[in-house]
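Notes for the structure review
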Amino acid sequence: AATDRSVRNETNLGFAQGMNRGLAAAEGSMIAFVNNDTAFPPGWASLLTATMDGRPQAGLVLPAVTAAGNPVSVRSKPGSDVIALIPFGELPSGVVYLLRTSVVRALGGWNEAYPVASAEDLDLCFTVWANDLEVVLDTRVLVEHVGQATVRPRLPERKELYRANLERFLDRWTSDDPAVPRLASCPEEVFIRNLGRARTAAVWIRRLIHERRAAADAPPPAPAPRRRRWRS
């Protein structure tokens, strides 16, 4: 059996570049991309790979997690369901993503246009869905995750970075040509249809986010004038 291989970077390249370095060194048929602030239950890899093997349309399989920025995959205890998430609608955070190595390479790996971290996980999900593959949540596996354990102490400007990366994501997917690789297994007409669905979803995400930001930035309403009581 092959021994573990370590890929060390002299500087912090960010999430996408770091994961792509690991992808370049991978030799197995499947590859799991894992956040470092996680703890795994026994048998997690066997369950997730079996789910991938049993679903030919699965492009990406992920476990349930105890904490994440997006609540789609958050659970308090393991479940029994294996669920295909709604394309372009249910957006799971990239705490743990399992893919076939050949597929993720054909899709171009992780998009390095997003500095440091954030939004590259949503970008990968959109790319998988655009190619008519499923993003599958396996609730039988529950991974303990301490959200933002790495970035909170080391990235004080993380909120500004997250906002900028989300705008990059929305700019890409609302454009007329997001430059997404198409797999040979995905017919061109299906791919074009899915890109249209992705664009519609991104437009609505942008609208919702901007409405929420406007509401959060709006000054509080002035208090109602107090009515004076008159005594006769």
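Our structure's up above, just so we're on the same page.
A brief report on the enclosed structure follows. (Residues numbered from 1 in each chain as written. Predicted model: local features only at pLDDT ≥ 70, side-chain atom pairs only at ≥ 80, totals over all residues. Heavy atoms only, no water.)

**Section: the pattern of salt bridges**
Taken as a whole and assessed by the stated rule, the structure comprises six salt bridges. Across the salt bridge formed by E134 and R55, the nearest N and O atoms sit 3.2 Å from each other. Of this pair, E134 sits in strand 6 (residues 134-145) while R55 is found in the loop between helix 2 (44-54) and strand 3 (58-65), placing the two residues 79 residues apart along the sequence. With relative accessibility at 24%, the residue E134 sits in the partly exposed group. (Salt bridge = Lys/Arg side-chain N within 4 Å of Asp/Glu carboxyl O. Helix = DSSP H or I, 4+ residues; strand = E, 2+ residues; numbered from the N terminus. Buried < 20%, exposed > 50% of the residue type's maximum accessible area, 1.4 Å probe, protein only.)

**With respect to the pairing of strand 6**
Along any regular strand the residues' side chains alternate between the sheet's two faces. Where burial is concerned, most of strand 6 is hidden: nine out of the twelve residues are buried. Both strand 3 and strand 6 contribute to a ladder of seven bridges, which runs parallel. Within strand 6, the residue paired with V61 across the bridge is V136. Relative to strand 6, strand 4 (residues 82-84) runs antiparallel, the two being bridged by three bridges. Residue pairing for strand 6: V82 is matched across the bridge by D138. (Pairing = 2+ DSSP bridges.)

**Describing the packing of aromatic side chains**
All told, the structure shown has nine aromatic pairs when counted by the stated rule. Ring geometry for F88 against F126: centres 5.0 Å apart, planes inclined by 75 degrees, an arrangement best described as edge-to-face. Within this pair, whereas F88 is found in the loop between strand 4 and strand 5 (96-100), its partner F126 is found in helix 4 (residues 120-130), the two being separated by 38 residues in sequence. Relative accessible area serves as the criterion here: at 8%, F88 is assigned to the buried category. The exposure class assigned to F126 is buried, which follows from its relative accessible area of 0%. (Phe/Tyr/Trp six-rings, centres within 6.5 Å; stacked < 30°, edge-to-face > 60°.)

**Some remarks on helix 2**
Restricting attention to buried positions, one finds in helix 2 the residues L48, T51 and M52. Viewed end-on, helix 2 has its buried residues packed into an arc of 100 degrees, placing them on one side of the element. Structural note: helix 2 exposes S46, D53 and G54 on the side pointing more than 90 degrees away from its buried face. In this structure, the buried side of helix 2 is in contact with strand 1 (30-34), strand 3, strand 4, strand 5 and strand 6. (Arc of directions from axis to C-beta. Contact = heavy atoms within 4.5 Å.)

**Structural notes on the packing of helix 6 (residues 158-173) against helix 7 (residues 188-217)**
Running from N to C, helix 6 and helix 7 cross one another at 145 degrees; their axes reach a closest spacing of 8 Å. The interaxial crossing formed by helix 6 with helix 7 has left-handed handedness. Within the contact between the two elements, helix 6 uses R163, L166, E167, L170, D171 and W173 and helix 7 uses L195, A198, R199, A202, I205, R206, I209, H210 and R213. Residue composition of the contact of helix 6 with helix 7, grouped by class: eight nonpolar, one polar and six charged. (Axes fitted to C-alpha atoms, helices over the stretch in contact; angles between N-to-C directions. Left-handed = near helix turned anticlockwise from the far one by under 90°. Nonpolar A, V, L, I, M, F, W, Y, C, P; charged D, E, K, R; others polar.)

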